[in-house]
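Now for the letters of each chain:
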Amino acid sequence: MSEPKHNLTPEELGQLWKAYKNNDDMDAKNDLLIHYGYLVKWIVRRMMPKYNNYNEYDDLVSCGMIGLIDAVDKFELKHEVKFETYAVTRVRGEILDYMRSQDWASPSLRKKISAISGAYEQFESKHPDRPVDQDVADSLGMPVEQVHKILNQSHMFNLINFEDALGANNPEAEIKGPDDKTPEEELLEKEKKTLLAEVIDELPEKERLVITLYYYEGLLLKEIADILHVTESRVSQIHSKVLAKMRNKLEKVV
């Protein structure tokens with residue numbers, strides 16, 4: 001993750017937090033928002049491939065800033081969690097809420113996305129060791145290029161639905177301790193993690209690498225594309241396809 005251009009020392013940050021939380025100092029709040037603003041841009045760049053034109057970058061940044069403001073307002077210094085951890089979850093949640101409200105995917109596009117995701121799952125279970133793009137295209141009666149185009153469009157659709165299945169857009173989840181969860185919640189979370197680990201282990205090498213670099217190393221799609229020597233569009237296709245697999249698995253236990 002990129003760092004803010006104008007770093008504040010831990011002591012300076014601590015003074016700003018105390019000034020705002022203890023004295024309701026609006027200047028301190030504004031300084032905190034400026035300092036942590038880089039988080040919003042980083043999240044938007046990760047969530048929005050540059051070629052998707054159904055959402056403007058500035059709109060998502062504006063939504064993310066609303067989430068950041070809310071995170072600064074609600075964050076409690078007594079919580080034993082870094083503010084960045086809490087803020088990232090809150091910012092992502094605000095952006096995802098905005099994306100849901102836009103409902104950019106028409107019913108016909110949603111139907112195509114579902115058909116393609118199902119076809120990939122079917123053919124890859126039969127032929128795990130070879131690309132099945134052409135098989136998927138042939139089974140649906142469309143050119144491979146059209147399949148890839150729809151996968152590009154499905155990036156945000158699959159991301160939203162994956163987040164919903166995972167339940168990862170709840171900012172309170174980041175600050176709840178293990179004692180705050182019910183036995184049912186703990187069991188469900190354990191089942192989800194087990195399923196995700198199984199799905200990731202079963203992925204072809206390139207798909208597993210994309211997921212590892214994106215979720216565990218925190219790289220942008222463009223950075224992953226440079227590493228794999230493919231286009232950013234292709235990385236988004238792979239990412240979206242894997243999200244669909246994970247979502248389908250998770251929905252079985254939600």
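Up top is the structure these notes are about.
From a predicted model like this one, the values you see are computed outputs, not experimental measurements. What you see as residue numbers is a count from 1 along each chain, following the sequence as written. At least 70 in pLDDT is required for a residue's local features to be given in this predicted model, at least 80 for side-chain atom pairs to be given and counted, and no such filter applies to totals for whole chains, interfaces and linings, which use all residues. For the side-chain quantities, the full set of heavy atoms in the structure was used; hydrogens and water were omitted.

(A) Structural view of helix α2 (residues 26-47). In this text, helices come from DSSP runs of H or I with a minimum length of four residues, and strands from runs of E with a minimum of two, each type numbered from the N-terminal end. A helix is expected to span 1.5 Å multiplied by its residue count minus one. The terminal C-alpha atoms of α2, which comprises 22 residues, lie 30 Å apart, in line with the 32 Å expected from a rise of 1.5 Å per residue. If you look at α2, its biggest bend is around 40°, right at Tyr-36. What qualifies as a polar contact is a pair of N or O atoms within 3.5 Å, subject to a donor-acceptor requirement within protein and to the restriction that residues adjacent in sequence count only when both atoms come from side chains. One side-chain oxygen of the residue at the start of α2 lies 2.9 Å from the amide nitrogen of Asp-27, identifying that residue as Asp-25. Here the bend at a residue means the angle between the axes of two seven-residue stretches, the one that ends at it and the one that starts at it.

(B) Quick peek at the pattern of salt bridges. Salt bridge, as applied in this entry: a Lys or Arg side-chain nitrogen positioned within 4 Å of an Asp or Glu carboxyl oxygen. In this structure the tally under the stated criterion is eight salt bridges. Two residues, Lys-241 and Glu-124, come together in a salt bridge whose shortest N-O distance is 3.3 Å. Placement of the pair is Lys-241 in helix α11 (residues 232-251) and Glu-124 in helix α5 (residues 107-126), with a sequence separation of 117 residues. To sort residues, take the accessible area from a 1.4 Å probe on protein chains only and compare it with the maximum for the residue type: under 20% means buried, over 50% means exposed, and anything in between is partly exposed. Its relative accessible area of 8% is what places Lys-241 among the buried residues. Among the salt bridges present, the one from Glu-207 reaches Lys-241, with a minimum N-O distance of 3.2 Å. With Glu-207 in helix α9 (residues 205-216) and Lys-241 in helix α11, the pair connects residues that are 34 residues apart, well separated along the chain. Comparing Glu-207 with Lys-241, the two get one shared label, buried. Each of Asp-70, Lys-74, Arg-90 and Glu-94 takes part in salt bridges that share partners, so that together they form one network.

(C) Structural view of the nonpolar core. Side-chain atoms within 4.5 Å are what join buried Ala, Val, Leu, Ile, Met, Phe, Trp, Tyr and Cys residues into a set we call a nonpolar core. Residues Leu-32, Tyr-36, Leu-68, Phe-83, Ile-95 and Met-246 are the most contacted members of the largest nonpolar core, which totals 55 residues. It is α2 that provides the largest number of residues to this core, a total of eleven residues. Core analysis: the second largest hydrophobic core is formed by 16 residues, Leu-109, Val-132, Val-136 and Ala-137 among them.

(D) Seen up close, unusual backbone geometry. The backbone of Asp-24 shows a phi angle near 55°, a positive value even though the residue is not glycine. Topologically, Asp-24 is positioned in the loop between α1 (10-23) and α2.

(E) Spatial organisation of the side chain of Asp-133. Position of Asp-133 among the secondary structure elements: in helix α6 (residues 133-140). Within polar-contact distance, the side chain of Asp-133 engages the side chain of Tyr-120 at 3.0 Å. Any two residues having at least one pair of non-hydrogen atoms within 4.5 Å are treated as being in contact. In contact with Asp-133, not counting residues within four places along its chain, are Tyr-120, Val-144, His-148 and Arg-234.

(F) Seen up close, the packing of α2 against helix α3 (residues 57-74). Across the interface, α2 lies against α3 with an axial gap of 9 Å and an inter-helix angle of 135°. With respect to their mutual orientation, α2 and α3 come out oblique. As for how α2 packs across α3, the hand of that crossing is right-handed. Side by side, α2 and α3 meet where Lys-29, Leu-32, Leu-33, Tyr-36, Gly-37, Val-40, Lys-41, Val-44 and Arg-45 of the first sit next to Tyr-57, Leu-60, Val-61, Gly-64, Met-65, Leu-68, Ile-69, Val-72 and Asp-73 of the second. Partitioning the contact of α2 with α3 into residue classes produces twelve nonpolar, two polar and four charged. Between N-to-C directions, angles cover 0 to 180 degrees, with each direction set by a line fitted to C-alpha atoms, over the stretch in contact for helices. Working definition: roughly parallel below 35 degrees, roughly antiparallel above 145 degrees, roughly perpendicular at 65 to 115 degrees, and oblique for all remaining angles. When the near helix sits turned anticlockwise from the far one by under a right angle, the crossing is termed left-handed; a clockwise turn instead gives a right-handed crossing. Think of it as three bins: nonpolar holds Ala, Val, Leu, Ile, Met, Phe, Trp, Tyr, Cys and Pro, charged holds Asp, Glu, Lys and Arg, and polar takes everything else, Gly as well.

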